[in-house]
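# Reading the structure
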Amino acid sequence: MALTEVSCNKIFGGLQKVFSHKSKEVGCTMKFGVFVPPQAEENKKLPVIYWLSGLTCSEANFIEKSGAQRYAAIHGVIIVNPDTSPRGLNIPGDSESMDFGVGAGFYINATQSPWKDNYRMFSYVTKELIEIVNLNFPVAEGKQSIMGHSMGGHGALVCALKNPGLYKSVSAFAPISNPLKCSFGIKAFTGYLGPKETGTWSEWDATELVKKYSGPALELLIDQGMEDNFLKNQLLPENLMEACKNVSFPAILKKREGYDHSYYYVASFIGEHIEYHMKNLTK
Ligand SMILES: N[C@@H](CCC(=O)N[C@@H](CSC=O)C(=O)NCC(=O)O)C(=O)O
């Protein structure tokens, strides 16, 4: 479980680091970012927020574009952001499109060949990465929340809904809310999980998972830019909100007029999300 430090830059009084390591879950070298805020110097145990990025991203997009470090430094929270898929495996078909394979792991555990041995991003994020972070950084164990964007927004919802109590709170920017019903999701689930008739797709769809959630009280904070090109055909937040309403699952949808799908939008509201998670992490 040795970590190799790839980079370290001082920012807003803290340190933005990138590490690489050999992952057991996904069977290749993975990179992840860790922002360590200035409060770590006081030998304090700090809460952690995990960030999951969207299609086409590596760990770099969030680090370079979200501006999250400014707010994490104010609140004294560690932020960890993994890559979005295994890399460097050269599985035939893993690099032909932006919505499948490299950069598009969908934070699920694949069951189909040739993906099932490596495309295990759900277990990587919810088990292996947490163990690594708890062992190597000054974290207050159990004080963790999760958030993400687009494919990663949905990934954050699924990680929280499938692991009741593991995260203190969850939020999502422009999540692909109902992958069973959009072309990004149908393509990914067909490839990783097999045809819909296998009956396993609903285990990985947040709109389905809220219907059978059982565990500690959890609220979904959903954020959505109203000029987002993916909104109508891919994101479908109205399906998730309707499912939540039907089963009385607490959910908030923040509609942001004029904002698109980009990291300009994410950067505009990341401070609000960090503040939201901190309220839950310090209860
Ligand atoms: N123009 C890109 C579209 C891909 C894109 O918008 N990716 C988003 C996430 S989409 C959902 O998961 C993203 O975060 N991109 C990285 C960035 O730095 O903006 C294409 O068609 O390839």
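All values derive from a computational prediction rather than experimental measurement.

## Re the site of the ligand
Around the ligand sit 13 residues in total, of which L55, N61, K65, S150 and M151 are the nearest. Contact distances for the ligand include 2.7 Å between an oxygen atom and a side-chain N or O atom of S150. For the ligand, whose accessible area on its own is 550 Å², the fraction buried by protein is 68%. Partitioned by chemical class, the residues of the shell around the ligand number six nonpolar, six polar and one charged.

## Observations concerning the sheet that holds strand 8 (residues 220–225)
Within the open sheet, the nine strands sit side by side as 1-2-3-5-4-6-7-8-9. Their pairing is mixed. Edge strands, defined here as strands with exactly one partner in the open sheet, are strand 1 (4–11) and strand 9 (251–256). Taken over all neighbouring pairs, the strand axes of this sheet differ in orientation by 20 degrees on average, direction set aside. Strand direction decides the pairing type here: strand 8 and strand 9, joined by six bridges, are parallel. For L221, the partnering residue across the bridge sits in strand 9 and is I252. Relative to the sheet, helix 9 (residues 263–281) contacts strand 4 (46–52), strand 5 (78–82), strand 6 (139–149), strand 7 (170–173), strand 8 and strand 9, its axis offset from that of strand 6 by approximately 150 degrees.

## Topic: the pattern of salt bridges
Evaluation of the coordinates by the stated rule reveals 10 salt bridges. Each of the salt bridges in this network shares a partner with another, and the network as a whole consists of D223, K254, R256 and E272.

## A word on the pairing of strand 2 (residues 14–22)
The buried count for strand 2 comes to seven of nine residues, which makes it a mostly enclosed element. Across seven bridges, strand 1 lies against strand 2 in antiparallel orientation. Paired with E5 across the bridge in strand 2 is F19. Hairpin connection between strand 1 and strand 2: a loop of two residues separates the two successive antiparallel strands, and F12 in this loop has a positive phi of roughly 50 degrees.

Conventions and cut-offs
Residues numbered from 1 in each chain as written. Predicted model: local features only at pLDDT ≥ 70, side-chain atom pairs only at ≥ 80, totals over all residues. Heavy atoms only, no water. Near = heavy atom within 4 Å. Polar contact = N/O pair within 3.5 Å; in protein donor to acceptor, adjacent residues only side chain to side chain. Areas by Shrake-Rupley, 256 points an atom, 1.4 Å probe, with all protein chains shown as cover. Nonpolar A, V, L, I, M, F, W, Y, C, P; charged D, E, K, R; others polar. Pairing = 2+ DSSP bridges. Helix = DSSP H or I, 4+ residues; strand = E, 2+ residues; numbered from the N terminus. Axes fitted to C-alpha atoms, helices over the stretch in contact; angles between N-to-C directions. Contact = heavy atoms within 4.5 Å. Salt bridge = Lys/Arg side-chain N within 4 Å of Asp/Glu carboxyl O. Buried < 20%, exposed > 50% of the residue type's maximum accessible area, 1.4 Å probe, protein only.

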